[in-house]
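# Results of the structural survey
Below, each chain spelled out in residue letters.
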Amino acid sequence: MIHVIVPPHLRTLAQISGEVLLEVEGPVTQRSILDALETRYPTLRGTIRDQVSQQRRALLRFFACGRDLSHELPDTPLPDAVASGGESFWIVGAIAGG
Amino acid sequence: MSGVRVLVGTRKGAFVLTSDGKREKWNVSGPHFGGWEIYHLKGSPVDPNRIYASQSSGWFGQQIQRSNDGGQTWEPVGNKFVYDGIAGTHQWYDGTPHPWEFKRVWHLEPSLTDPDTVYAGAEDAALFRTTDGGQNWHELSGLRGHGSGPKWQPGAGGMCLHTILLDPSNPNRIFIAISAAGAFRTDDGGLNWRPINKGLKSEFIPDPNAEVGHCVHRIAMHKSRPGVLFMQKHWDVMRSDDAGDNWHEVSGNLPTDFGFVVDVHTHEPETVYVVPIKSDSEHYPPEGKLRVYRSRTGGNEWEPLSKGLPQSDCYVNVLRDAMAVDSMDECGVYFGTTGGQVYASANAGDSWNPIVRDLPAVVSVEVQTLS
């Protein structure tokens, strides 16, 4: 199971409590995780990546294993520790604005 | 007993303020969607318990929320706003072409006859419509297809479609306004549009007959006389007696004719309200005195209304969607400020009381009159 940490405002929006556990088919990548997350919680469509371009929203970042993976290509396999469920995939809102 | 429900959108959430017909004691509910910008909420005229809200965030983008119980509970509905066809370009601040990019919904206007049909005014400027209660949104692209789109440009707040007026006497006629493009009208239900800006003068536009480019801040009409429109422009308060074909200035004796809001008394079509703001670079009331100005003559002659409003050291703004009137026998008038106050008058503006004083900056105010 993949462990995903969603920012607090999106947890409220999608009525998620705590960590999200996801089954992901095939290679574990940013795209496959986000596809699975949006399938489980359709309300999150458009909140993490643009609905048309599928680009990550500018003020969100992806972290795992202590690394910023935001600029990795969406189909690049994520670290094995994420794929095995040992480490969480973090979706983090930038510290910006008021 | 009848009452009112005031729907307040703020920079950090939505609030629902309710009172009985006396409009003296208020119940405050909220924040709903705490931490999110709520540009606008509005209820369906045919089903007042059906309310739509525009919820947005710089981090997470746009959401549309719908309530079926008068704002007590909410559910997210569709949030996919995609421009029809090739989005094209408009002018950027420096005059260069800039691609159209969806940012947020500024204004939601429910249909006068169908609770599942709603119009949405977007930034970058476009008009969308849902006919299934907000699940799916489609652009009425004849507006951007008018041909003048490449000349539209953003105002300081962005290139927003902020005003949508549905003509109660003609279901095919809709008025909209965009900062900074101007006012437009359709007479065929949204297929074709034309600019209605003749008579507007804007210092920053060299061509005195410019078809578009005007920074219209707000338009208002009285439902019994939809051919008469009042406009608060960047500068100038304007009036049209022919559904926008021609405009003339009615700023008259206002202390300044800059401002954002304009509205019309529910029962008196010639009674109009504005809140003068000092200037385009000083977004606060002149002399630090918060005053609503009322004209009972359809413009030109204005009287200040200040009883109950701060008359010293007040430097708040009143944004374009932040004034509304109710339909009680004695017309109630409401407005919200960037300082977080929502003021109400239960006597057409003669005196005012704050309903709340310390909300986040108020972006929009709507009111429902409940039977």
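For clarity, every value in this text was computed on a predicted model and none was experimentally measured.

Our next topic: the overall build of chain B. Summing up its helical and strand segments, chain B has 0 helices and 30 strands in all. Radius of gyration (C-alpha) of chain B: 19 Å, near the 21 Å computed for a compact globule of 371 residues. Taken along the three principal axes of its C-alpha coordinates, chain B extends 50 × 45 × 40 Å. Burial analysis of chain B (371 residues in total) assigns 53% to the buried set. Counting contacts in chain B only where the partners sit at least 6 residues apart, residues at least 24 apart contribute 49% of the total.

Another point: the overall build of chain A. Looking only at helices and strands, chain A features 3 helices and 5 strands. Since a compact globule built from 98 residues should have a radius of gyration of about 13 Å, the 12 Å found for chain A is in line with a globular shape. Overall, chain A is about 35 × 25 × 25 Å in size when its C-alpha atoms are taken along their principal axes. Sorting the 98 residues of chain A into buried and exposed places 24% on the buried side.

Moving on to the environment of Thr43(A). Within the secondary structure, Thr43(A) sits in the loop between helix H2 (30-40) and strand E3 (60-64). Once the C-alpha coordinates of Thr43(A) and Gln15(A) are considered, the two residues, 28 residues apart in sequence, prove to be 9.6 Å apart. Every residue in contact with Thr43(A), bar those within four places of it in the chain, is listed here: Leu13(A), Ala14(A) and Pro76(B).

Our focus in this paragraph is the sheet that holds strand E5 (residues 51-57) of chain B. One key point about sheets: their strands pair by backbone hydrogen bonds, in either a parallel or an antiparallel sense. Residue and element names in this part refer to chain B. The antiparallel open sheet is built from 4 strands, whose spatial order is E4-E5-E6-E7. Either end of the sheet is taken by a strand with one partner, and the two such strands are strand E4 (37-43) and strand E7 (75-76). Bridging between E5 and strand E6 (residues 61-67) involves 7 bridges; their strand directions are antiparallel. Looking across to E6, one finds that tyrosine 52 is bridged to arginine 66.

In this section: the interface of chain A and chain B. Contact with chain A, which involves 13 residues of that partner, is made by 12 residues of chain B. Among the elements that make up the side of chain A that touches chain B, the one with the highest residue count is helix H1 (residues 8-14) of chain A (3 residues). Here the side of chain A that touches chain B is composed, by residue class, of 5 nonpolar, 7 polar and 1 charged.

Glancing now at unusual backbone geometry. In this structure, Asp124(B) follows Glu123(B) across a cis peptide bond, with omega equal to -5 degrees. Within the secondary structure, Asp124(B) is located in the loop between strand E11 (118-123) and strand E12 (126-130). Of note, the amide linkage connecting Ser179(B) to Ala180(B) takes the cis form, showing an omega dihedral of -5 degrees. Phi at Gln15(A) takes a positive value of approximately 55 degrees, unusual for a residue other than glycine. Position of Gln15(A) among the secondary structure elements: in the loop between H1 and strand E2 (20-22). C-beta crowding within 10 Å serves as the criterion here: with 9 such atoms nearby, Gln15(A) is assigned to the exposed category. Phi is positive for Arg23(B), which is not a glycine, with a value near 60 degrees. With respect to the helices, strands and loops of the structure, Arg23(B) is situated in the loop between strand E2 (13-20) and strand E3 (27-32).

Turning to the nonpolar core, a few remarks are in order. Membership of the largest hydrophobic core comes to 106 residues, with the highest contact counts inside it found for Tyr334(B) and Val342(B). Val28(A), Phe62(A), Ala64(A) and Leu78(A) belong to the second largest nonpolar core, which has 21 residues in total.

Now for the sheet that holds strand E24 (residues 292-295) of chain B. Residue and element names in this part refer to chain B. Overall, antiparallel pairing links the 4 strands, which are arranged E22-E23-E24-E25 in an open sheet. Strands at the two margins of the open sheet, each flanked by one partner only, are strand E22 (258-264) and strand E25 (303-305). Averaged over all pairs of adjacent strands, the angle between strand axes in this sheet comes to 30 degrees, irrespective of strand direction. Relative to strand E23 (residues 272-277), E22 runs antiparallel, the two being bridged by 5 bridges. Directly across from aspartate 263, in E23, lies its bridge partner tyrosine 273.

Next up on the list: the confidence of the model for chain B. On average, residues of chain B score 96 in pLDDT, and 100% of them reach the 70 mark or higher. Reported for the predicted complex are a pTM of 0.96 and an ipTM of 0.94.

Here is what the cut-offs are and how they apply
Residues numbered from 1 in each chain as written. Chains lettered and ligands numbered in written order. Predicted model: local features only at pLDDT ≥ 70, side-chain atom pairs only at ≥ 80, totals over all residues. Helix = DSSP H or I, 4+ residues; strand = E, 2+ residues; numbered from the N terminus. Rg over C-alpha atoms; globule rule 2.2 N^0.38 Å. Buried ≥ 20, exposed ≤ 12 C-beta atoms within 10 Å, placed from the backbone. Contact = placed C-beta atoms within 7 Å. Pairing = 2+ DSSP bridges. Nonpolar A, V, L, I, M, F, W, Y, C, P; charged D, E, K, R; others polar. Core = buried A, V, L, I, M, F, W, Y, C linked by C-beta atoms within 7 Å. Axes fitted to C-alpha atoms, helices over the stretch in contact; angles between N-to-C directions. pLDDT = per-residue confidence, 0-100.

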